[in-house]
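Architecture and fold: a report
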Amino acid sequence: MKSLMQLALGSLLLLSPLALGDDLIELDDLLDIDDLSDDASSSSGSAGIADPFEGINRAIFGFNDFTYKEIFEPFSKGFVKVVPNPARKGIGNFFNNLSFPTRFAGNLLQFRFGRASQETGKFLVNTTAGFAGFMNVAPEFDGLNPPAEDIGQAFASWGIDHGFYIVVPFTGPSSLRDLVGRFGGRAVDPIPEPWTQVDGSGTRLALQVTVIVNDLPEIIDVYNSITEPAIDPYAAVRDGYAQLRAARVAE
Amino acid sequence: MKARIPRIAFALLSISVAVLSSRADDGLDAPKNALESTIHELLEVLHADNSQLPYDAKREEIIGILNRQFSFDVIIQRALGRNWKRLDEIQQRQVSTLVTDLVLQAYTKELQDGPKPVLTFNDPEVLSKSKIEIDSTAVLNGNKVNLSYRLANIRGRGWQVYDVLVEGVSMVSNYRKQFDEHFQTKSVGDLINLLKDKLNKA
């Protein structure tokens with residue numbers, strides 16, 4: 001019995017903050033401001049991305065910036081007035097649900113079979129209980145809200161680097177790896193060629209334009225929130241893209 | 001008597017675990033609660049009846065609230081990184097104020113124009129002995145945005161935000177890339193003029 005008491009007392013000692021080491025935060029362990037600043041000076045910063053074609057990319061960025069501000073933004077403001085937020089949300093949910101095969105393929109290519117089955121469950125629930133996907137009801141269920149995966153993320157999980165940064169006219173930031181991934185994603189997307197499930201090129205085009213127009217207000221908001229407070233909007237978007245993709249891959 | 005000893009031992013063990021866990025939780029709850037109340041207070045100010053007033057009219061109030069939990073001097077110094085030493089003391093103060101105003105002006109406008117977002121704060125995650133991260137979500141118009149606040153326990157200040165991550169994108173790292181790019185071809189004077197220009201146009 002003595003040993004049981006010793007075990008209890010021993011456990012008490014083991015559980016003391018000293019013994020816990022890094023697992024228990026020491027609230028009186030203070031940092032000096034200089035420590036934090038030195039830490040910033042020495043660190044390499046965020047996920048990087050090579051930009052050997054910066055000159056061309058900056059020119060396309062300038063074109064995109066003009067197009068977003070002078071054409072897309074005024075159009076998007078008008079669109080928001082005509083189509084209310086719940087309707088836009090519903091349309092967005094519908095097309096997002098349709099792009100399930102791309103996310104499913106992204107998971108399979110990363111051997112994330114659990115998440116692939118979660119995506120399948122999400123698709124089935126939203127297609128049925130969510131009225132053909134117009135309502136995103138899946139997050140109400142545990143385990144039916146997996147993070148969105150794509151083919152570019154799968155390539156990254158295989159150890160393939162970005163290659164280099166590319167600014168695509170109209171659509172904006174990408175990289176060699178992610179652009180190839182995007183084309184790969186089209187192979188399993190039910191709207192565009194080559195795996196299209198939609199008859200008639202006119203209908204396909206109309207659907208693709210609808211997706212872009214519907215997403216435009218959100219894209220413009222995100223673009224403005226990055227570029228307006230930026231010292232160098234081009235560098236801000238490039239680094240934001242690299243960090244965002246790194247975070248998604250790590251997720 | 002024999003049966004009571006294991007029970008006492010078990011009770012002692014349970015109490016010790018409970019006491020130690022509550023000590024850790026209490027310690028980490030304090031910065032979380034303080035951050036939560038700071039952000040809520042900021043939103044109250046931004047969505048008050050006078051919400052259409054420009055940033056300049058509410059600047060002092062906004063900075064007063066945020067200064068309790070956000071060390072802007074540390075944030076800007078970290079964002080400038082190795083470039084910080086290129087600036088003399090006057091320039092350092094000037095750039096700190098201008099960048100703080102530029103960022104706050106942009107986000108103030110964004111936050112006060114729409115409906116009030118619904119915020120949720122998760123329990124802090126320990127990054128190191130003096131650093132924690134508090135993940136949160138803001139739901140605005142049905143869209144969810146993930147925001148993470150990184151806090152350090154700074155001598156003389158307590159728990160202070162030293163970086164904010166939006167969807168995993170660190171603001172400090174993002175600005176550092178921009179400053180690095182700027183100083184490759186331009187001077188401190190150019191930076192100050194650029195910042196003033198942007199603030200005037202906004």
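Bear in mind the structure is a predicted one, so any value in this text is a computation, not a measurement.

**Comments concerning the overall build of chain A**
Across its full length, chain A carries 11 helices and 2 strands. Along chain A, from the amino end to the carboxyl end, the secondary structure elements read α-α-α-α-α-α-α-α-β-β-α-α-α. Residues classed as buried in chain A amount to 39% of the 251 residues present. Of the contacts formed within chain A by residues at least 6 apart in sequence, a portion of 64% connects residues at least 24 apart. Summed over all atoms, the accessible surface of chain A reaches about 13300 Å², with 66% contributed by carbon and sulfur.

**Quick notes on a nonpolar patch on the surface**
All names here are of chain A. A surface patch of nonpolar side chains, amounting to about 540 Å² of accessible area, comprises Leu108, Phe111, Phe113, Trp158 and Ile160. Mapped onto the fold, Phe113 is located in helix α7 (residues 113–128). Classification of Phe113 as exposed rests on a relative accessible area of 53%.

**So, the packing of aromatic side chains**
Residue and element names in this part refer to chain A. This structure, assessed with the given rule, holds 18 aromatic pairs over all chains. Taking 4.8 Å as the distance between ring centres and 85° as the angle between the ring planes, the aromatic pair formed by Tyr68 and Tyr223 counts as edge-to-face. Separated by 155 residues along the polypeptide, Tyr68 in helix α4 (residues 54–82) and Tyr223 in helix α10 (residues 201–227) bring together distant segments of the chain. With respect to class, Tyr68 is no different from Tyr223; both count as buried. With a centroid separation of 4.5 Å and 10° between ring planes, the pair formed by Phe100 and Phe123 is classed as stacked. With a gap of 23 residues between them, Phe100 in helix α6 (residues 100–109) and Phe123 in helix α7 connect regions that are remote in the sequence. On the basis of relative accessible area, Phe100 is assigned to the buried category, the value being 12%. An aromatic cluster is present here, built from Phe61, Phe63, Tyr68, Phe72, Tyr165, Phe170, Tyr223, Tyr234 and Tyr241 joined pairwise through their rings.

**Here's the deal with helix α3 (residues 72–80) of chain B**
Each turn of an α-helix holds 3.6 residues, which means side chains three or four residues apart point in the same direction. Residue and element names in this part refer to chain B. When you tally the buried positions in α3, you get 8 out of 9 residues, the bulk of the element. Buried within α3 are the following residues: Phe72, Val74, Ile75, Ile76, Gln77, Arg78, Ala79 and Leu80. Backbone geometry just downstream of α3 places Gly81 in the positive-phi region, at approximately 55°.

**What to know about helix α11 (residues 233–250) of chain A**
In a regular helix each residue adds 1.5 Å, so 18 residues correspond to 26 Å; α11(A) covers 25 Å between its end C-alpha atoms and thus fits that length. Inspection of α11(A) places A:Tyr234, A:Ala235, A:Ala236, A:Val237, A:Arg238, A:Asp239, A:Gly240, A:Tyr241, A:Ala242, A:Gln243 and A:Arg245 among the buried residues, and these make up the whole buried set.

**Here's the deal with the nonpolar core**
Residues and elements named next belong to chain B. Grouped together as the largest cluster of nonpolar side chains are 28 residues, with contacts concentrated most on Leu35, Ile62, Phe70, Tyr149 and Leu151. Those elements giving two or more residues to this core turn out to be α1 (4–46), α2 (55–66), α3, β1 (118–121), β3 (131–140), β4 (143–154) and β5 (158–166). Here the element with the most residues in this core is α1; it accounts for 7 residues. Trp84, Leu87, Leu98 and Tyr175 belong to the second-largest nonpolar core, a separate cluster that totals 19 residues.

**Some points on the confidence of the model for chain A**
Residue and element names in this part refer to chain A. Scored by pLDDT, chain A has a mean of 85; 84% of the residues are at 70 or more. Within chain A, strand β1 (residues 165–168) carries the highest mean pLDDT (97), whereas helix α2 (residues 17–20) carries the lowest (38). Low pLDDT, under 50, characterises residues 1–23; the predicted model gives this stretch 28 contacts beyond four residues in sequence or across chains.

**Describing the side chain of A:Asn57**
All names here are of chain A. Within the secondary structure, Asn57 is located in helix α4. The buried category is assigned to Asn57, whose relative accessible area is 3%. With residues up to four places along the chain from it excluded, the contact list for Asn57 reads Asp51, Tyr165, Ile166, Val167 and Tyr234.

**Description of the packing of α4(A) against α10(A)**
Residues and elements named next belong to chain A. Contact geometry for α4 and α10: axes closest at 9 Å, N-to-C directions at 125°. Of the possible angle classes, the one that applies to α4 and α10 is oblique. Two packed elements cross with a definite hand, and for α4 against α10 that hand is left-handed. Residues Phe61, Asp65, Tyr68, Lys69, Phe72, Glu73, Phe75, Ser76, Phe79 and Val80 of α4 form the contact with α10, whose own contacting residues are Val213, Asn214, Leu216, Pro217, Ile220, Tyr223, Asn224 and Thr227. Considering only residue class, the contact of α4 with α10 consists of 11 nonpolar, 4 polar and 3 charged.

Reading guide: rules and limits
- Residues numbered from 1 in each chain as written.
- Chains lettered and ligands numbered in written order.
- Predicted model: local features only at pLDDT ≥ 70, side-chain atom pairs only at ≥ 80, totals over all residues.
- Heavy atoms only, no water.
- Helix = DSSP H or I, 4+ residues; strand = E, 2+ residues; numbered from the N terminus.
- Buried < 20%, exposed > 50% of the residue type's maximum accessible area, 1.4 Å probe, protein only.
- Contact = heavy atoms within 4.5 Å.
- Areas by Shrake-Rupley, 256 points an atom, 1.4 Å probe, with all protein chains shown as cover.
- Patch = residues over 30% accessible without salt bridge, like charges linked within 9 Å, V, L, I, M, F, W, Y side chains within 5 Å.
- Salt bridge = Lys/Arg side-chain N within 4 Å of Asp/Glu carboxyl O.
- Phe/Tyr/Trp six-rings, centres within 6.5 Å; stacked < 30°, edge-to-face > 60°.
- Expected span 1.5 Å × (residues − 1).
- Core = buried A, V, L, I, M, F, W, Y, C linked by side-chain atoms within 4.5 Å.
- pLDDT = per-residue confidence, 0-100.
- Axes fitted to C-alpha atoms, helices over the stretch in contact; angles between N-to-C directions.
- Parallel < 35°, antiparallel > 145°, perpendicular 65-115°, else oblique.
- Left-handed = near helix turned anticlockwise from the far one by under 90°.
- Nonpolar A, V, L, I, M, F, W, Y, C, P; charged D, E, K, R; others polar.

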